[in-house]
Amino acid sequence: RILNNAGMRLVITARREDRLRQLAAQLTGAVIVPGDITNHALPQTLIDAALESFGRCDVVINNAGIMIAAPIETLDLDKMSRMIQVNIDAAFRLAYTALRYFKSVNRGYLINISSILGTKIRPTAGAYAGTKFAVEALTEALRVELAGTNVKISSVQPGLVMTELHDEFPVHPKDSLNIQHPLQPKDIAGAIRWLLEQPPHVRVPKVMLTAGEQAL
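These figures come from a predicted structure and were not determined experimentally.

## Observations regarding the overall build of the protein
Okay, so step 1: Broken down by element type, the protein carries 7 helices and 6 strands.
Okay, so step 2: Reading the protein from its N end, one meets helices and strands in the order α-β-α-β-α-β-α-β-α-β-α-α-β.
Okay, so step 3: The C-alpha atoms of the protein give 17 Å as radius of gyration, which agrees with the globular expectation for 216 residues (17 Å, within 12%).
Okay, so step 4: Each of the three principal axes of the protein carries a C-alpha extent, and together these read 50 × 40 × 30 Å.
Okay, so step 5: Out of the 216 residues in the protein, the part that is buried amounts to 41%.
Okay, so step 6: Just so you have it, the protein exposes about 11,700 Å², and 53% of that area is on carbon and sulfur atoms.

Written out as structure tokens, the structure is:
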């Protein structure tokens, strides 16, 4: 809503169409594209939807991700593989699809949502951290490749945010880490708006946000 209230016209996607429709009802002029981001055709479909609906695509927020964390003995390897598919394969495909379009028009902004675990590690979360380290490596390499163009790229590295990411955890991280005031989605949206409002000559490679109580 923060971006929509700032005047952005949005194309939003997720697997659950009912949730998309509920969200779109709270926004002005949002276009919904239900789908699974691991579908190789979806990234281009999203770009096309923006072009067909609004005549342009200026920003892509690469936000899909899941988190599986467990000790070596109990980590579900099939769920781990699914996480890798979403967090790396799908994220990379969307990134390259967006940047190919942005380079063709010599403007645009790709924002990859990474994690504090894209720069740090903790026990039992190695596989997840590995996916986010991959996103960080990609973002930095693409930033260098895009130098001298009008195309921007940043990574946003949130700490603990209250979303559905941890719903399957037996103990929520806010409890295991004793974080009584975790970040909220609006905090991340505010950081994204700040990135988008920077002058054209400014590049911000990465932004990290953490709750005040998060020691990691």
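There is more to say, and it comes next.
## As for the side chain of Thr38
Okay, so step 1: With respect to the helices and strands, Thr38 occurs in the loop between β2 (31-32) and α3 (42-54).
Okay, so step 2: Residue classification places Thr38 among the buried residues on the basis of a relative accessible area of 13%.
Okay, so step 3: Side-chain polar atoms of Thr38 contact the side chain of Asp36, separated by 2.7 Å.
Okay, so step 4: Of note is the side chain of Thr38, whose polar atom sits 3.4 Å from the side chain of Arg82.

## As for unusual backbone geometry
Okay, so step 1: The phi torsion at Asn106 lies on the positive side, around 55 degrees, for a residue other than glycine.
Okay, so step 2: Its place among the elements puts Asn106 in the loop between α4 (77-105) and β4 (108-113).
Okay, so step 3: Taking relative accessible area as the criterion, Asn106 reaches 38% and is therefore assigned partly exposed.
Okay, so step 4: The phi angle at Asn178 is positive, at roughly 55 degrees, despite the residue not being glycine.
Okay, so step 5: Positionally, Asn178 belongs in the loop between α6 (173-176) and α7 (185-196).
Okay, so step 6: Looking at Asn178, the relative accessible area reads 53%, which means it is exposed.

## Things to note about α4
Okay, so step 1: The first and last C-alpha atoms of α4 sit 41 Å apart over 29 residues, in line with the 42 Å expected at 1.5 Å per residue.
Okay, so step 2: Maximum bend of α4: about 30 degrees, positioned at Gln85.
Okay, so step 3: Turning to α4, its buried residues number three or more, namely Met83, Val86, Asn87, Ala90, Ala91, Leu94, Ala95, Thr97, Ala98, Leu99, Tyr101 and Phe102.
Okay, so step 4: Turning to α4, the residues buried within the fold contact α3, β3 (59-62), β4, α5 (126-146) and β5 (151-158).
Okay, so step 5: N-cap assignment for α4: the residue whose side-chain oxygen lies 3.0 Å from the backbone N of Asp78 is Asp76.
Okay, so step 6: Just beyond α4, the residue with positive phi is Asn106, at close to 55 degrees.

## Section: the nonpolar core
Okay, so step 1: The biggest cluster of nonpolar side chains holds 23 residues, and the ones touching the most others in it are Ile37, Cys57, Val60, Leu99, Phe102 and Leu110.
Okay, so step 2: When residues of this core are traced back to their parent elements, those giving at least two are α3, α4, α5 and β5.
Okay, so step 3: The element contributing the most residues to this core is α4, with 8 residues.
Okay, so step 4: Setting aside anything within four residues of it in sequence, one finds Val60 in contact with Ile47, Leu94, Ala98, Phe102, Tyr109, Leu110 and Ile111.
Okay, so step 5: Among the nonpolar cores identified, the runner-up in size contains 14 residues, and Ile111, Val156, Val204 and Leu209 belong to it.

About the criteria used
Residues numbered from 1 in each chain as written. Predicted model: local features only at pLDDT ≥ 70, side-chain atom pairs only at ≥ 80, totals over all residues. Heavy atoms only, no water. Helix = DSSP H or I, 4+ residues; strand = E, 2+ residues; numbered from the N terminus. Rg over C-alpha atoms; globule rule 2.2 N^0.38 Å. Buried < 20%, exposed > 50% of the residue type's maximum accessible area, 1.4 Å probe, protein only. Areas by Shrake-Rupley, 256 points an atom, 1.4 Å probe, with all protein chains shown as cover. Polar contact = N/O pair within 3.5 Å; in protein donor to acceptor, adjacent residues only side chain to side chain. Expected span 1.5 Å × (residues − 1). Bend = angle between axes of the 7 residues up to and from the residue. Contact = heavy atoms within 4.5 Å. Core = buried A, V, L, I, M, F, W, Y, C linked by side-chain atoms within 4.5 Å.

That is the geometry; function is a separate question.
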